[in-house]
Amino acid sequence: MKKTLAFALAVLLIISTAACSSAPASTPTPSAKGASQKLVVAHKGDPGGLFAQTIANSTFNGPLDYLLYDPLVFYDNDSNSFKPCIAEKWEQVDSTHMKFYLRKDVYAHDGNQIKASDVIYTLKTGQESGKVASYYDRFDLKECKVVDDYTVIVATKTPDPYLFYTLSGNALGIVSEAAVKAGGGPDAQQTKPTAGSGAYKFVSWERGLKIVLARNDRYWGGKPYFDTIEVRIITDISARMMNLESGDVDVVLDPDVTQAKALLGNNKFKVDNIKTIASNMFLMNCSKAPFNDVKVRQAMALALDYKSDVEVAMKGFGYVTDSIFANAHPAYAAPDGSYTNYYHYDLAAAKKLMAESKYPNGFTFTLKYTETAVYPALAQLMQNQLAQIGIKVVLAPTASTVFYTDAAAGNFDMYLAAPSFADPFSYLNFFDGRVGFQKANGGCGWQGPEELNTLIDKAKVNMDEASRKEMLKKIQAIINTNVPALVLGSQNRVLVAKADVQGIKYQVNGDIILSRAGRK
Amino acid sequence: MSDKVLEVKNLIVHYETEDGVAEAVNDVSFSLSAGETLGLVGETGAGKTTIALTIMGLLPKPAGQVISGEVLLNGKNIVESSRSRFKQRANERMMRKLRGDDISMIFQDPMSALNPVTPVGEQIAEVLRLHNKISKAEAVLRATEMMELVGIPGERYKNYPHEFSGGMKQRIVIAIALACNPRVLIADEPTTALDVTIQAQVLQLMNGLKQKFNTALLMITHDLGVVADICDKCGVIYAGQMVELGSVEHIFNNPSHPYTKALFNALPSLDKDVERLESIQGLMSDPMNLPPDCTFRERCAEKCEKCVNTDPPLFETEPGHYVRCHRIAPAVEAEASNAKEAAK
Amino acid sequence: MLRYIIKRLLWMIPVVVGVVCIIFFLSVITPGDPVTSLVGADAPPEVREAMREKLGLNDPIYIQFVNYTVKIITRGDFGNSYITGQPVFGELMTRFPVTLKLTIASVIVALILSVPLGVVSAVKRNSWIDNASMALSLMGVSIPQFWLGLMTLLLFAVKLHLLPASGIAGISGWVLPVLMIGVGNMGNFARTTRASMLEVIQQDYIRTARAKGQTEAAVIIRHGLRNALIPIVANVGNIIGISLGGAVIAESIFSLSGVGQYMLNAINARNWPSVQGGIIMLAIAFSIIMLIMDLLYAAIDPRLKSEFRSKGRLFAKRKQKVA
């Protein structure tokens, strides 16, 4: 009797614990119609939130942001130019003011029309949150003006030659103020976005599992192809690929490069291989020894085998860089022999420079990096190659929370990052000694010559493309000669999909646009 | 000899292990009639328990193997000396029906002989239901009766073994053994693990029940007192051999084998005043490595040249009294020749 | 016995308080700043500072501690995730069922596979069956989980197309993750079962059961296995307790939204409310599992029942004294 009681209680406890906890948010799934078209995308993790305007930018967000939100302008990677989006045309008012004429048929997902005031609301919300500062900080909100419902003037604090790169970013999707307010404000929008006007609208999000989006039937750009886009979260990199091979998913973002290479030439799949503007940078702390010795830095740049490193670490999904800007970057200027460029492999020269430096017998330093993407492979390759000139590298894989804090505090010998700013002057903060570690959230702590500072200040506000390019070339010459950072290849944006999926586009920074995708 | 319910004939049992073959039982024969009690005495390791397990068909497998000999239960052989798996299995099937029903066993340690997670009543009912076609309720009823019979209140049916004392546990073991009214009951040192005060009670209970059910009892013990108390016949086992077998009177009044004599000398006695008890010198021969000699030779006080290299057979010194000793031989032979001559 | 259960449930309070203290202490000494994952690596210092202020990270640690515990006690509020801004409790409760189902299902599968294997191994000790099944269970224990997961995925989803590669919409989606964890546990359980059975079948009561004329199967199952269960149940309890912390590898391979990935992400992002809430929940779940296991022990072995009965009385006596 007592035994059965004990048993019954045990069972009861199990059931009650299960019952207490089993209240999964049952989310509506889109009704499966006969000929419904669905695109399943494998993604590596949950985005931080779905209201990109007020959330720290990350690679988890890009593809979703471009589905849910449309920015003012689009970058078209086929023609390498900016195309109308919410803004159908624009004109320059003066060096800091740009007038945009908006389409009259743009509606947020909750039905509110997107008008000129919403553009300003978006800029204001983004700037106030401070979370995407590199994009939003440039706008001068006092000067931004609504001309009429469909005309708006966007003002920047200083002349901004690279404004369109910013405006086309995934964090700059225009939101409807009325929709944000009706939807409970920016924080509520993070989990249940309604304020965008993108080709697909939000349906459900089961964290760690999937995000479901449905076609926006009022989309101004024509009826999107797929009824449903399901972004499935598959954290394991090999499992993502297997899901593609088994047919469970159509597209894999961030595939493993080795596995992607194996699919090249397989006619059931296609591998997109798109150049990006981000180069892998090993930023040295030039404010202290041994990196305050320019000969050491130059020797290190010469000791790296750029070509084979790109091949080994990126399996060919990348290209060799020879300047602090990646070759695909709009600010890139090819080294032309007018100055000594050290970003090439020459071991003999490296050894010679090393012997002339203050450290002929070499030294030891620590390299911090996060264990993502190709970083571990690059770190190991660099370790091997620097050993040839007597430099010992201690590898220190670091959790991202610690990593960025350390970088902003200047607490490092060298760290590895791949910033992808289309605006070269955001980039140049790392090399501008006046900015400092904390403001630049890292950098080199390198004090360049006065000439460099002047050039940066002038180029930043120079709206004339030809003379600006000339200045940027000089800037690169100075920096490349002084080698405050090592650059080791630019990794391409790789995407693997079933062969019949087409129409996937890429932004200048490599972000993926799935909204125009369809099937053959 | 139809009244003989159990007859063991020339039984030889070996344990075959990786280290070698242990000759545990060597040519043992005895018989038991209904209502009769045979005491098997001998020191630890002499093979008494092996004999009991062989009769029960519970020799540890695969080591234990009957080499030859027969065990007749009501005239039917119940051991299988063939190594054929098929025959072994057939024998096992047959034994399963007999065990607990026609032939049961009481084990040495009541503390561990009962399943600790099953109420004692159920353990009695289990054997009843195995061998009788009765309902669960009826089994409960009869198990309760059995408990009352061995002196345990029936309301303790649902109690677990840990809630009983050692003596009471042994009573339950006895109830299990006798539940199906077996022809033969084997008791393997049933009182060794009990307090002295309880021992007598348990023995009395067994004896009483045995008489009530007219069961033949094979009492394995190393306690000659127990034998004197309840046995009709007594066999002395040494190194797997029956060295002396006879009625209790034969053994107690006229112990003939030197080992039996030594056993008696090792007993404390009320009428003799001794300072130290005599012990038997030396150790029993290793069953793995039995000598070709008389197995008791090394420790024997009366050994002679004949004991070397020849193992003596059993001699019948008087009707029903058998002794395995060369010393006895001349007297027996003389008697036999006298008888022959007288016949002439 | 009810008293015993209530007493054990009350004991969870000091356990949870202890856990909260330890986690708070750890959050102070662990390097890394949750603000980084919130405002991004390129946020200006003023924004970081404002965020710290908003989250209350600038308060002295004891104030933070008091605020946190007061909220839990008065409102059952475990705080909001730094990352998502959602209540931690709700986030955990959508994930916990997945982990619980995965745990229970994989333990059941493992038991179904391993107990017969262990029993047969023990009964047929040193036979080829024993050797084969022990080799199998050794493999189960030693095969890396991620490898097994990927290989089964490759075989059943990619090559044979029998099962979906991800998603747990239907039963079929559960097969591979349950199997992957189950196989690991199977080896463990089989070895425990074998060891425990080997000990039990040498006991006298097994011989008694045979002497009754009981069939071998009944001897092994009814008399043997039941007595061998305690170590197995203890092992199962531990495994369930540990598994409730989530199966990080299985979740990442099979795209399951369980506690494991949640906690891992929370720790990586220094998302302290989620970490604290998660660990408190685990501590409670673990305590409940251990209580259930203790009750099961008593159900299996009557000798252990007296133990908690006496504990219950102790508790009662103290109450009487106070009165």
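Parameters and conventions
- Residues numbered from 1 in each chain as written.
- Chains lettered and ligands numbered in written order.
- Predicted model: local features only at pLDDT ≥ 70, side-chain atom pairs only at ≥ 80, totals over all residues.
- Heavy atoms only, no water.
- Helix = DSSP H or I, 4+ residues; strand = E, 2+ residues; numbered from the N terminus.
- Rg over C-alpha atoms; globule rule 2.2 N^0.38 Å.
- Areas by Shrake-Rupley, 256 points an atom, 1.4 Å probe, with all protein chains shown as cover.
- Lys, Arg positive; Asp, Glu negative; His and termini not counted.
- Charge placed at Lys NZ, Arg CZ, Asp CG, Glu CD.
- Contact = heavy atoms within 4.5 Å.
- Salt bridge = Lys/Arg side-chain N within 4 Å of Asp/Glu carboxyl O.
- Phe/Tyr/Trp six-rings, centres within 6.5 Å; stacked < 30°, edge-to-face > 60°.
- Buried < 20%, exposed > 50% of the residue type's maximum accessible area, 1.4 Å probe, protein only.
- pLDDT = per-residue confidence, 0-100.
- Buried area = accessible area lost by both parts, 1.4 Å probe.
- Pairing = 2+ DSSP bridges.
- Arc of directions from axis to C-beta.

Caption draft 1: Here's a closer look at the overall build of chain B. What chain B contains, in helices and strands, is eleven helices and twelve strands. Expected size for 344 residues packed as a compact globule is a radius of gyration near 20 Å; at 21 Å, chain B falls within 12% of this value. If one aligns the C-alpha atoms of chain B with their principal axes, the spans along those axes are about 65 × 55 × 50 Å. By element, 50% of the accessible surface of chain B is carried by carbon and sulfur atoms, the whole surface being about 16100 Å². Across chain B, the 36 positively charged side chains and the 45 negatively charged ones have centroids separated by 8 Å.

Caption draft 2: Structural context of the overall build of chain A. Within chain A, the regular secondary structure consists of 18 helices and 24 strands. Here the C-alpha atoms of chain A give a radius of gyration of 25 Å, agreeing with the 24 Å that 2.2 N^0.38 yields for 520 residues. Along the longest, intermediate and shortest principal axes, the C-alpha atoms of chain A span 80 × 75 × 50 Å. In chain A, once contacts between residues fewer than 6 apart in sequence are set aside, the share between residues at least 24 apart is 70%. As displayed, chain A has an accessible area near 19700 Å², and 52% of this comes from carbon and sulfur atoms. When the 55 basic and 52 acidic side-chain charges of chain A are each reduced to a single mean position, those positions are 4 Å apart.

Caption draft 3: Quick look at the pattern of salt bridges. Taken as a whole and judged by the stated rule, the model has 40 salt bridges over all chains. For the salt bridge of aspartate 301 of chain C with arginine 303 of chain C, the shortest nitrogen-to-oxygen distance reads 3.0 Å. Three or more residues are tied together by salt bridges with common partners; here these are Asp250, Lys498, Asp500 and Arg519 of chain A.

Caption draft 4: Region of the structure containing the packing of aromatic side chains. Residues and elements named next belong to chain A. On inspection of all chains with the given rule, the structure shows 31 aromatic pairs over all chains. Residues phenylalanine 82 and tyrosine 165 carry aromatic rings whose centres are separated by 5.0 Å and whose planes lie at 85° to one another, so their mutual orientation is edge-to-face. Within this pair, whereas phenylalanine 82 is found in strand 3 (residues 81-84), its partner tyrosine 165 is found in helix 5 (residues 163-167), the two being separated by 83 residues in sequence. As far as the burial class goes, phenylalanine 82 and tyrosine 165 line up, both buried.

Caption draft 5: Structural view of the environment of alanine 193 of chain B. Topologically, alanine 193 of chain B is positioned in the loop between strand 7 (184-188) and helix 7 (196-213). Here alanine 193 of chain B is in contact with Gln108, Asp109 and Pro110 of chain B, once residues within four sequence places are set aside.

Caption draft 6: Layout of the confidence of the model for chain A. All names here are of chain A. For chain A, the mean per-residue pLDDT works out to 86, and 92% of the residues sit at or above 70. Here helix 1 (residues 2-21) stands out as the element of chain A with the lowest mean pLDDT, 46, in contrast to strand 7 (residues 151-155), whose mean of 95 is the highest. Note on residues 12-34: pLDDT is under 50 here. Beyond four places in sequence and across chains, it has 20 contacts.

Caption draft 7: Looking closely at the interface of chain A and chain C. Every contact between the two is made by 49 residues of chain A and, on the other side, 57 residues of chain C. Summing the contributions of chain A and of chain C, the shared interface buries around 4400 Å²; its carbon and sulfur component is 65%. Linking chain A with chain C are two salt bridges. For aspartate 46 of chain A, the salt bridge goes to arginine 95 of chain C, with nearest N and O atoms at 3.9 Å.

Caption draft 8: Summary view of the pairing of strand 9 (residues 210-215) of chain A. Residue and element names in this part refer to chain A. Among the six residues in strand 9, six count as buried, and that is most of the element. In the sheet, strand 8 (residues 200-206) pairs with strand 9 via six bridges, with the strands oriented antiparallel. Each bridged residue has a counterpart across the sheet, and for phenylalanine 202 the counterpart in strand 9 is leucine 213. Connecting the antiparallel pair strand 8 and strand 9 is a turn made up of three residues, with glycine 208 showing a positive phi of about 80°. The pairing of strand 9 with strand 10 (residues 228-233) spans five bridges and is classified as antiparallel. By the bridge assignment, valine 212 is partnered in strand 10 with glutamate 230.

Caption draft 9: A look at helix 3 (residues 45-55) of chain C. Along helix 3 of chain C, the residues that are buried comprise Val47, Arg48 and Met51 of chain C. Mapping the buried residues of helix 3 of chain C onto a view down its axis gives an arc of 100°, with all of them on the same face. In this structure, the buried side of helix 3 of chain C is in contact with helix 3 (116-129) of chain A together with helix 2 (34-39) of chain C. Of the residues one or two after helix 3 of chain C, glycine 56 of chain C is the one with positive phi, at around 80°.

Caption draft 10: Looking closely at the sheet that holds strand 2 (residues 20-33) of chain B. All names here are of chain B. Taken together, the four strands give an open sheet; going across it, the order is 2-1-4-5, and neighbouring strands pair in antiparallel fashion. A single partner strand is all that each edge strand has here, and the edge strands are strand 2 and strand 5 (76-77). Both strand 1 (residues 4-17) and strand 4 (residues 64-73) contribute to a ladder of eight bridges, which runs antiparallel. Within strand 4, the position partnered with isoleucine 12 by the bridge is serine 68.

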